[in-house]
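Descriptive structure summary
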Number of protein chains: 2
Amino acid sequence: MTAEIICVGTELLLGDILNSNAQFLGQQLAELGIAHYYQTVVGDNRERLKQVIEIASQRSQLLIFTGGLGPTPDDLTVETIADFFGVPLIERPEIIEDIQQKFAQRGRTMSPSNRKQALIPQGAEILTNSIGSAPGIIWQPRSDKLTILTFPGVPTEMKQMWHEIAVPYLQSQGWCQGIIRSHTLRFWGIAESALAEKVSSYLNLTNPTVAPYANYGEVKLRISAQAESKEAAEQLITPIEQQLKEIAGIDCYGRDNDTLASVVGQLLQKNNSTLAVAESCTGGGLGQMITRVPGSSSYFRGGIIAYDNAVKTALLGVNPQDIEQWGAVSEIVAEQMALGVRSQLNTTWGLSITGIAGPDGGTETKPVGLVYIGLAGSEGPAQSFKFLFGSLRDREWIQRVSACSALDLLRRQLQSRSGK
Amino acid sequence: MTAEIICVGTELLLGDILNSNAQFLGQQLAELGIAHYYQTVVGDNRERLKQVIEIASQRSQLLIFTGGLGPTPDDLTVETIADFFGVPLIERPEIIEDIQQKFAQRGRTMSPSNRKQALIPQGAEILTNSIGSAPGIIWQPRSDKLTILTFPGVPTEMKQMWHEIAVPYLQSQGWCQGIIRSHTLRFWGIAESALAEKVSSYLNLTNPTVAPYANYGEVKLRISAQAESKEAAEQLITPIEQQLKEIAGIDCYGRDNDTLASVVGQLLQKNNSTLAVAESCTGGGLGQMITRVPGSSSYFRGGIIAYDNAVKTALLGVNPQDIEQWGAVSEIVAEQMALGVRSQLNTTWGLSITGIAGPDGGTETKPVGLVYIGLAGSEGPAQSFKFLFGSLRDREWIQRVSACSALDLLRRQLQSRSGK
């Protein structure tokens, strides 16, 4: 049993909308343990849709359609499917009644064009839409060798129909035997290629599988197991996850929904510590990451966005002579910013960022992408760390990766102190 | 000439990521006037990818691949394409050199696994990746009847390569004849349904078409025209755009790549004014939006993230008795925050946000989603504005929409002062 997702709609081809339905269905099929190897997007065109049905019905046993169930002439999914299998459409009075009731509920009368939505291939069952006017179908046009499900393109309607009707149906057919369960390990401070080499022997495993991904400076390893049950899948994943964590060491900062900010938050809470930030080139992005975490008020006091040098001097106590001598983007200024915000906001930790986010402002000695991060704790002097993020990256990338790098530095300090 | 988009990656099938690359490429092909009728997603699997190439190469003349160009063993797009056409891979020293340089710039050394990315089918041209390590290819494996372009899956890299190299290439081949041109008008402070009713007669136009979209509190109208040339398409769009702007009035804040922050920045620059922000529940998100705009240092001085009440008092001069009497989320505190940051950072404008982003912290009288925005200018007292964003929204939504609403309030003030 393998499934295939077919999304019908010219608006998808034109890029007017994002195909979030395919993502949702992909996740759902994985959780149910139904393999699916292909997704196709095709426009509102009878001939091309027929060709897609032909290809898909040869290589897959469950075809899941979204889109093209509306009342307008360009909605032709169901009639094209019926046509391909040479079966007539039958008007189903219960659908007309349902649509009329839904219109009446909103004080409207049904349009004649909605009658089209009541046409269902002979022999198909109705996949009831409890929200909108477009019902889907459940149909086995050629005995049980091929099953067709259709859903409207509107995500809320599609999802409700999926959960309410499709999932119980698929389970009742005995097609959801195994399940696929995944966990993601998250890494910071190591390149994808370097991590892949460290764990190279794991990348050839078949169950669970281990696959690396990278985005915005973060690297992830996704561990996916196929098994009879959730518990059995977890048992396959756990030892591999443990081994990968040990190999990666401190570069692994979390799993699944963890963020650098949430992990730092947990460590600060554990240590009864508080944090304040001083931001120049990130302009608030570090504070924003920290406060995206619910409950961050228990350890985050706030910060100072010192975008202008005068603010660095007046509010953070940075020595104006040091700015003149070393520049605002320098080790010494990063350290003074961290110390200044720690003292002004009376926290355990002060974390600062000063750098050149571009696209302008770079020089030969201080190129775009040069960032200093300062960290002041309750013991010892402030430290600073230099990063070269490269002038090829855009402003958003440099700002985001700078904020993550600052959080990661604090995380490493907190983890090494707690002996972890 | 018809194109086809083939996205390679098991993570797409599993629904781990949204296929935003297909949306981007679909929009781009439409704008260039290159028809495309199919999109396919296939996993990191040699045999299935070969089957997809076989089907696509029979029905389309331009195959655009994304994904599977990384350094790890499951990245197999280029080798599978070469294998399908029976052509050997050749290691290209210029790619190795380029990757080494990129690693060196960030103070790292290239991993041996990156050598894989230098393997290109014999006869193919390199589609240079100026950001990341994975180059693409431009290849006509069977004379000029079939053209293959490959791009990495990372959206920023793919987009840059598309604009820099692929678009000029496609144009030089004479494949971009008729074109579809689109502009987007951007609105804040009006609901999608209210705007759609105001402009309802325009939503039935056929060329140009007008379509509404909404996301994160922002409403957009996309105006698309099909014509022989860019200029002819623009001539179709311009009068409609003008009429829509007039109907919408001040709710329309910009077009295309404008953001509320960039529009506010332009208005501040025009008035030689400066801005500082005081943020509580947004925790830096307002400053981050402002500083995402290149050149924002000419009008943005910085701000104070007053997450903790003690910071509101100590650094912004908010009266602690007012916090006790009215609460930190109140009109009077928002006003004092705006006045305080304006005076501390010595700017023309002070903009503040205090609210309850949730999920915890709401009460019956002050529910999650209650936000006060304060605005202090050089004349008159500070003003404050109350928003109820609703407790059904999540923390991220409330934080983001609060920051946008603050920028929009300042925009309206600046626009009404400049009589625009």
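Calculation notes
Residues numbered from 1 in each chain as written. Chains lettered and ligands numbered in written order. Predicted model: local features only at pLDDT ≥ 70, side-chain atom pairs only at ≥ 80, totals over all residues. Heavy atoms only, no water. UniProt positions renumbered as here; feature names shortened; annotations may be inferred. Helix = DSSP H or I, 4+ residues; strand = E, 2+ residues; numbered from the N terminus. Rg over C-alpha atoms; globule rule 2.2 N^0.38 Å. Areas by Shrake-Rupley, 256 points an atom, 1.4 Å probe, with all protein chains shown as cover. Lys, Arg positive; Asp, Glu negative; His and termini not counted. Charge placed at Lys NZ, Arg CZ, Asp CG, Glu CD. Contact = heavy atoms within 4.5 Å. Buried area = accessible area lost by both parts, 1.4 Å probe. Salt bridge = Lys/Arg side-chain N within 4 Å of Asp/Glu carboxyl O. Polar contact = N/O pair within 3.5 Å; in protein donor to acceptor, adjacent residues only side chain to side chain. Buried < 20%, exposed > 50% of the residue type's maximum accessible area, 1.4 Å probe, protein only. 1 Å grid on protein atoms, 1.4 Å probe; cavity = no way out; pocket = protein on both sides within 12 Å on 5 of 7 lines; lining within 4 Å. Points joined across faces, edges and corners; volume = space filled by probe spheres on them. Nonpolar A, V, L, I, M, F, W, Y, C, P; charged D, E, K, R; others polar. Pairing = 2+ DSSP bridges. Axes fitted to C-alpha atoms, helices over the stretch in contact; angles between N-to-C directions. Core = buried A, V, L, I, M, F, W, Y, C linked by side-chain atoms within 4.5 Å. Phe/Tyr/Trp six-rings, centres within 6.5 Å; stacked < 30°, edge-to-face > 60°.

- The name that an unreviewed UniProt entry assigns to chain A is CinA-like protein, with the source organism given as Limnoraphis robusta CCNP1315.
- Per UniProt, chain A carries the Sequence similarities (unreviewed entry) text "Belongs to the CinA family."

Structural notes on the overall build of chain A
- When helices and strands are tallied, chain A shows 14 helices and 18 strands.
- Relative to the globule expectation of 22 Å for 420 residues, the C-alpha radius of gyration of chain A, 28 Å, shows a markedly less compact shape.
- Considered along the principal axes of its C-alpha atoms, chain A spans approximately 85 × 50 × 40 Å.
- Carbon and sulfur atoms make up 47% of the accessible area of chain A, which totals about 17100 Å².
- Computing the positive centroid from 35 side-chain charges and the negative centroid from 42, chain A places the two 3 Å apart.

Overview of the interface of chain A and chain B
- Each partner contributes to the interface: chain A provides 80 residues, whereas chain B provides 79 residues.
- For the chain A and chain B pair, buried surface summed over both sides reaches about 6400 Å², with 55% attributable to carbon and sulfur atoms.
- With a shortest N-O distance of 3.5 Å, Arg292(A) and Glu396(B) are connected by a salt bridge.
- Taken together, the links from chain A to chain B amount to 34 residue pairs in polar contact (both at pLDDT 80 or more).

Examining the pattern of salt bridges
- The tally for this structure, following the rule as stated, stands at 37 salt bridges over all chains.
- A salt bridge links Lys116(A) to Glu79(A); the nearest nitrogen and oxygen atoms lie 3.9 Å apart. One end of the pair, Lys116(A), is in the loop between α5 (93–105) and β5 (119–121); the other, Glu79(A), is in helix α4 (residues 77–84), with 37 residues separating them in the sequence.
- Exposure remark for Glu79(A): the relative accessible area of 25% places this residue in the partly exposed category.
- Arg92(B) is the salt-bridge partner of Glu94(B), the closest N and O atoms lying 3.4 Å from each other.
- Accessibility expressed as a relative area gives 41% for Glu94(B), which makes it partly exposed.
- In this structure Arg92(B) comes out as partly exposed when scored by relative accessible area, which is 22%.
- Salt bridges sharing partners connect three or more residues here, namely Glu241(A), Lys245(A), Arg255(A) and Asp256(A).

Observations concerning the layout of surface pockets
- Its boundaries defined by the atoms lining it, the second largest pocket holds a volume of some 920 Å³.
- Around the second largest pocket sit 34 residues that line it, and Thr206(A), Thr209(A), Thr10(B), Asp44(B) and Arg48(B) are the ones nearest its centre.
- Residue assignment for the lining of the second largest pocket shows that the elements contributing at least two residues are α2 (20–32), β2 (35–42), β11 (209–215) and β12 (218–227) of chain A together with α1 (10–13) and α3 (46–59) of chain B.
- Partitioning the lining of the second largest pocket into residue classes produces 17 nonpolar, 12 polar and five charged.

Some words on the sheet that holds strand β16 (residues 349–355) of chain A
- The sheet built from 10 strands is open, its strands ordered β18(A)-β17(A)-β16(A)-β14(A)-β15(A)-β15(B)-β14(B)-β16(B)-β17(B)-β18(B) with mixed pairing. With one partner strand each, in any of the chains shown, β18 (383–388) of chain A together with β18 (383–388) of chain B form the two edges of the open sheet. Across this sheet, the average inter-strand angle for adjacent strands is 15 degrees, counted without regard to direction.
- One ladder, built from six bridges, connects β16(A) with strand β17 (residues 370–376) of chain A; its direction is antiparallel. Paired with Thr354(A) across the two strands is Tyr372(A), which belongs to β17(A).
- Across the sheet, helix α11 (residues 309–316) of chain B touches β15 (300–306) of chain A together with β14 (275–279), β15 (300–306) and β16 (349–355) of chain B, and the angle it forms with β15(B) is around 135 degrees.

Overview of the sheet that holds strand β10 (residues 179–188) of chain A
Residue and element names in this part refer to chain A.
- Ordered in space as β11-β12-β10-β13, the four strands form an open sheet in which the pairing is antiparallel. Pairing within the sheet leaves two strands with one partner each, and these edge strands are β11 and β13 (252–255). Averaged over neighbouring strand pairs, the angle between their axes works out to 25 degrees when direction is ignored.
- Two elements, β11 and β12, share seven bridges in a ladder whose sense is antiparallel.

Examining empty space enclosed by the protein
- Following the criterion strictly, the structure yields two cavities of 30 Å³ or more and no others.
- If you add up the space inside the largest cavity, you get close to 170 Å³.
- Lining the largest cavity are 18 residues, and of these Asn19(A), Val41(A), Asn19(B), Ala22(B) and Gln39(B) sit closest to its centre.
- Residue contributions to the lining of the largest cavity peak at three residues, all from strand β2 (residues 35–42) of chain B.
- Class assignment of the residues belonging to the lining of the largest cavity gives a composition of 10 nonpolar, eight polar and no charged.
- Considering only enclosed or pocket space, the second largest cavity measures out at about 80 Å³ in volume.
- Residue lining of the second largest cavity: Glu4(A), Thr40(A), Val52(A), Ile55(A), Ala56(A), Arg59(A), Thr40(B), Val52(B), Ile55(B) and Arg59(B), and that is the complete set.
- When contributions to the lining of the second largest cavity are tallied by element, the ones reaching two or more residues are α3 (46–59) of chain A together with α3 of chain B.

Examining the nonpolar core
- Ranked by size, the top nonpolar core spans 87 residues in total, and within it Leu275(A), Leu286(A), Leu351(A), Leu275(B), Leu286(B) and Leu351(B) carry the most contacts.
- Residues within four places of Leu286(B) in sequence aside, it is in contact with Val277(B), Glu279(B), Leu351(B), Ile353(B), Ala403(B), Ala406(B) and Leu407(B).
- Val311(A), Leu345(A), Ala278(B) and Leu315(B) belong to the second-largest nonpolar core, a separate cluster that totals 28 residues.

Things to note about the packing of aromatic side chains
- Under the counting rule described, the total for this entry stands at 14 aromatic pairs over all chains.
- Aromatic side chains Tyr307(A) and Phe300(B) sit 5.6 Å apart centroid to centroid with 55 degrees between the ring planes, which places their arrangement in the tilted category. With Tyr307(A) in the loop between β15 and α11 (309–316) and Phe300(B) in strand β15, this residue pair bridges two chains.
- For Tyr307(A), a relative accessible area of 13% translates into the label buried.
- Overall, the relative accessible area of 1% leaves Phe300(B) in the buried class.
- Plain terms: the ring middles of Tyr169(B) and Trp175(B) are 6.1 Å apart, the flat faces sit at 85 degrees to each other, and that makes the pair edge-to-face. This pair shows no difference in class: Tyr169(B) is buried, exactly as Trp175(B) is.

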